[in-house]
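Each chain is listed here by its residues.
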Amino acid sequence: MPAFSHAAAVLLLSAFAGSVHAASVSVVEINGLDEEMEDNVRTSLSLVDAIGSEVTWRRLAYMMRAAGDETREALQPFGYYSPRIVVERVRGGDRRVVLDTAAQEEQEASDSAAATAQAVREAGSTARAAGDAQAPVSVVITVEPGEPVRVRRADIAILGDGNDDRYLQDELEDFIPREGSILHHPSYEASKTRISRRLAERGYFDADFSARRVAVTRAEQAADIELVWTSGERYDMGPTRFVQAPAEVVNPALLERLVYWDEGEYYHQGRLDRLRTSLARLDYFSRIDITPRPEDAVDGGVPVDVALTPAKRDVYTAGLSYGTDSGAGIRLGQERRYVNRRGHKALWQVDYARKRKTLSLQYRIPAFRWLDGWYTVGLQAADEQTDYIDSRRVEFAASRSGQYSRNLNLVASMHALRERWAYEYEDDGDPSTPALYRYATFTYPSLRATYVDLDDTLFPRSGYSGSLMLRGGVEGAGSEASFFQAHARAHWYLGFGESDRLILRGEWGRTETSALVDMPPSLRFYAGGDGSIRGYEWREVGPRVVDANDKGFALGARHVVSASAEYEHYFGGGPWGMAAFVDTGSAFDGSPELRTGVGVGLRWQTPVGPLRLDVARGLDDPDSPFTLHLNIGTSL
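To start, this report covers the structure provided alongside it. (Residues numbered from 1 in each chain as written. Predicted model: local features only at pLDDT ≥ 70, side-chain atom pairs only at ≥ 80, totals over all residues. Heavy atoms only, no water.)

### Some remarks on the overall build of the protein
- When you go through the protein residue by residue, the secondary structure sums to 10 helices and 29 strands.
- The C-alpha atoms of the protein give a radius of gyration of 36 Å, which is well past the 26 Å a tight globule of 636 residues would have.
- By its C-alpha atoms, the protein is 120 × 70 × 45 Å across when sized along the principal axes.
- Taking the contacts inside the protein whose residues are at least 6 apart along the sequence as the reference set, 59% of them involve residues at least 24 apart. (Helix = DSSP H or I, 4+ residues; strand = E, 2+ residues; numbered from the N terminus. Rg over C-alpha atoms; globule rule 2.2 N^0.38 Å. Contact = heavy atoms within 4.5 Å.)

### Concerning the sheet that holds strand 8 (residues 222-230)
- In spatial order, the strands read 6-8-7; together these three strands make up an open sheet with mixed pairing. Edge positions in the sheet fall to strand 6 (150-159) and strand 7 (208-217), since each has one partner strand and no second. With strand direction ignored, the average angle separating the axes of adjacent strands in the sheet is 5 degrees.
- Relative to strand 8, strand 7 runs antiparallel, the two being bridged by nine bridges. By the bridge assignment, Ala211 is partnered in strand 8 with Val228.
- Contacts from helix 8 (residues 185-201) reach strand 6, strand 7 and strand 8 within the one sheet, and its direction differs from that of strand 8 by about 10 degrees. (Pairing = 2+ DSSP bridges. Axes fitted to C-alpha atoms, helices over the stretch in contact; angles between N-to-C directions.)

### What to know about the packing of aromatic side chains
- Applying the stated criterion across every chain yields a total of 13 aromatic pairs.
- Seen from their ring centres, Phe209 and Trp229 are 5.2 Å apart, and the 35 degrees between their planes marks the pair as tilted. Separated by 20 residues along the polypeptide, Phe209 in strand 7 and Trp229 in strand 8 bring together distant segments of the chain.
- Here Trp229 falls in the buried class, since its relative accessible area comes to 1%.
- Taking 5.4 Å as the distance between ring centres and 10 degrees as the angle between the ring planes, the aromatic pair formed by Trp576 and Trp604 counts as stacked. Of the two residues, Trp576 is situated in strand 26 (residues 576-588) and Trp604 in strand 27 (residues 595-606); the sequence distance between them amounts to 28 residues.
- In this structure Trp604 comes out as partly exposed when scored by relative accessible area, which is 36%.
- Through pairs of rings, three or more aromatic residues link up here, namely Phe205, Tyr235 and Tyr267.
- The ring of Trp374 is capped by Arg364, whose NZ or CZ atom sits 4.5 Å from the centre of that ring.
- If you follow Arg400 out to its NZ or CZ, it ends over the ring of Tyr375, 5.2 Å from the centre. (Phe/Tyr/Trp six-rings, centres within 6.5 Å; stacked < 30°, edge-to-face > 60°. Buried < 20%, exposed > 50% of the residue type's maximum accessible area, 1.4 Å probe, protein only. Lys NZ or Arg CZ within 6 Å of the ring centre and 35° of its normal.)

### Some points on the nonpolar core
- The biggest cluster of nonpolar side chains holds 29 residues, and the ones touching the most others in it are Val28, Leu45, Leu47, Leu60, Val87, Val139 and Ile141.
- Elements that contribute at least two residues to this core include exactly strand 1 (22-31), helix 2 (35-44), helix 3 (46-49), helix 4 (57-75), strand 3 (84-91), strand 4 (94-100) and strand 5 (137-144).
- Considering every element that reaches this core, the biggest residue donor is helix 4, with seven residues.
- Apart from the residues lying within four places of it in its own chain, the contact partners of Leu60 are Ala23, Val25, Leu47, Val55 and Val137. (Core = buried A, V, L, I, M, F, W, Y, C linked by side-chain atoms within 4.5 Å.)

### A word on the layout of surface pockets
- Its boundaries defined by the atoms lining it, the second largest pocket holds a volume of some 440 Å³.
- Around the second largest pocket, the lining comprises 28 residues; the ones closest to its centre are His491, Tyr493, Arg505, Arg612 and Ser635.
- Looking at the lining of the second largest pocket, the elements with two or more residues in it are strand 19 (438-454), strand 20 (462-473), strand 21 (483-496), strand 22 (500-513), strand 25 (559-570) and strand 28 (609-618).
- By residue number, the principal contributor to the lining of the second largest pocket is strand 22, which donates six residues. (1 Å grid on protein atoms, 1.4 Å probe; cavity = no way out; pocket = protein on both sides within 12 Å on 5 of 7 lines; lining within 4 Å. Points joined across faces, edges and corners; volume = space filled by probe spheres on them.)

### Observations regarding the environment of Gly238
- Mapped onto the elements of the fold, Gly238 is located in strand 9 (residues 236-244).
- Contacts of Gly238, omitting those with residues within four sequence positions, involve Trp261, Glu263, Gly301, Val302 and Pro303.

### Here's the deal with unusual backbone geometry
- Ile176 connects to Pro177 through a cis peptide bond whose omega is 10 degrees.
- With respect to the element layout, Pro177 can be found in the loop between helix 7 (166-173) and helix 8.
- For the bond running from Ala245 to Pro246, omega is 10 degrees, close enough to zero to count as cis.
- Mapping Pro246 onto the fold places it in the loop between strand 9 and helix 9 (252-256).
- Its identity as a non-glycine residue notwithstanding, Asp283 has a phi of 60 degrees, on the positive side.
- Along the chain, Asp283 turns up in the loop between helix 10 (269-282) and strand 10 (285-292).
- The class for Asp283 is partly exposed, based on a relative accessible area of 29%.

### Topic: a negative patch on the surface
- A surface patch of like charges, here negative, comprises Asp34, Glu35, Glu36 and Asp39.
- Tracing the backbone shows Asp39 in helix 2.
- For Asp39, a relative accessible area of 42% corresponds to the partly exposed category. (Patch = residues over 30% accessible without salt bridge, like charges linked within 9 Å, V, L, I, M, F, W, Y side chains within 5 Å. Areas by Shrake-Rupley, 256 points an atom, 1.4 Å probe, with all protein chains shown as cover. Salt bridge = Lys/Arg side-chain N within 4 Å of Asp/Glu carboxyl O. Lys, Arg positive; Asp, Glu negative; His and termini not counted. Charge placed at Lys NZ, Arg CZ, Asp CG, Glu CD.)

### A short note on the pairing of strand 20
- For strand 19 and strand 20, the ladder comprises nine bridges, and the chain directions are antiparallel. Within the sheet, the bridge partner assigned to Leu447 lies in strand 20 and is Leu470.
- Two strands pair when backbone bridges link them, and strand 20 and strand 21 are joined in this way by 12 bridges, in the antiparallel orientation. Bridge pairing in strand 21 places Leu470 opposite Ala486.

Put into structure tokens, the structure is as follows:
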């Protein structure tokens, strides 16, 4: 009698002989599979559920025999239908084969009397060893997956109007598993679901399966797939109805301008997704529900209901701030999401610190012609009284923004700047001597493009973002000097595993002018500090002058270049983590003199983005041996 029947009989009779004793499963070991298949088998095993619990020997015998079928079924989604499965029981120093599927078919019906008698004797021996009855049982399952089942024939098709839809044909061509591939059930189900969803997204609401069959021939290790949809007719876009509840805060005609399609055009879910994005960007509503109603279609036109819940009209902000150059301060602000039924917005913000003060006013009007965006007018007044400069600035700006695509935003603006400044190093210390103020007036246009393609804007792990700004003025046309500037920034995020990411950052700026001395400080480039070169103080890197006390003061430069590499690791996937980084760069007029800083930091994931606390050291004669940097949010 083969070993498998012999062992099974021993196990069964042992259960009768020692049924008064409970068994305990300590561990279930699975060998011969990759991680994904092992996880699926482990999830399917009733033996695993019994780990740490006491069960009768009769129950344990059943679960070990059932482990063969459970393992076989758990491997079928991966295309393995004929594996060899060996189940062994290990208890004390005794290791016995309970099940071997390779031998099962050969003697499934045999019943040798001699072998049964031998099994009875061994069972009696097991029962007499009652002193060892409480020893835990380990189960070892060894699997040889064997040859996988492969797709022999795949008939995948869409009948009806959808057969002429080239986008649906692309989906059919991408269907997996293909002929010759392993019959991987998750891939099959994902492809099937994707095409069904795609049919609905493109307006084939009556689509259904006319054939759905997977036939597996185990003896030939082959599978035949027949999967056919009948698409029915494609629906069109019907009327769109906006409902604001509990109160109507903006004119519905304003929202209707966001509907960029005409009734009767073909239905596509992407149109509704774009409408949702446009509504969200307006920031009038706390909830947006868009519901197509194909069941109420008239002449093939699907009506769309848009239910909107207005957000709070006013958003107030308040906070404390501190900077080594600005000192302690307070920040207050208010934004009115909708000033009137035409959807206008207004904002004011005050940032009042001991050495630096800023007042900002802004008014925005929604714009829909050409590209969704805003007409904006803004006024900013700033006063800076630091150890190296006495500066006052007033700037007026008028702009038009537009969302060119899902990732690209464009802004065209016109600026009028009046600035007054004096450097402290030029102060002779005599209170009776007036400060040597310089004045500048510049009027200039500006173009700015911002590109964001990230998997998560709060905590990105994949993707990149960047911005490019171009601006310039002409002497005699509202500006005291002719100039042209280009300034580009970029971030690249790369995730590794569940807990690590690499952040690469770059910056490049260039000024073309023959009168740099006439350029006000706000139109020059600087380097050093957070977001630039950590390990150096704010604006420390670049052209400077030194006073009588050997203290340096930044003057600003024509050009700037900087780069950074930062690696973050989060413990257990977050929210706490550590970072190591290296920054380098320079602000310069002629050739760059690169300065490099290195450091480590603490990270904490918050609902508004990561909080970053960094300690850095400059490697090239910094003013301070170490610098401390605190920041919150994601830099895009």
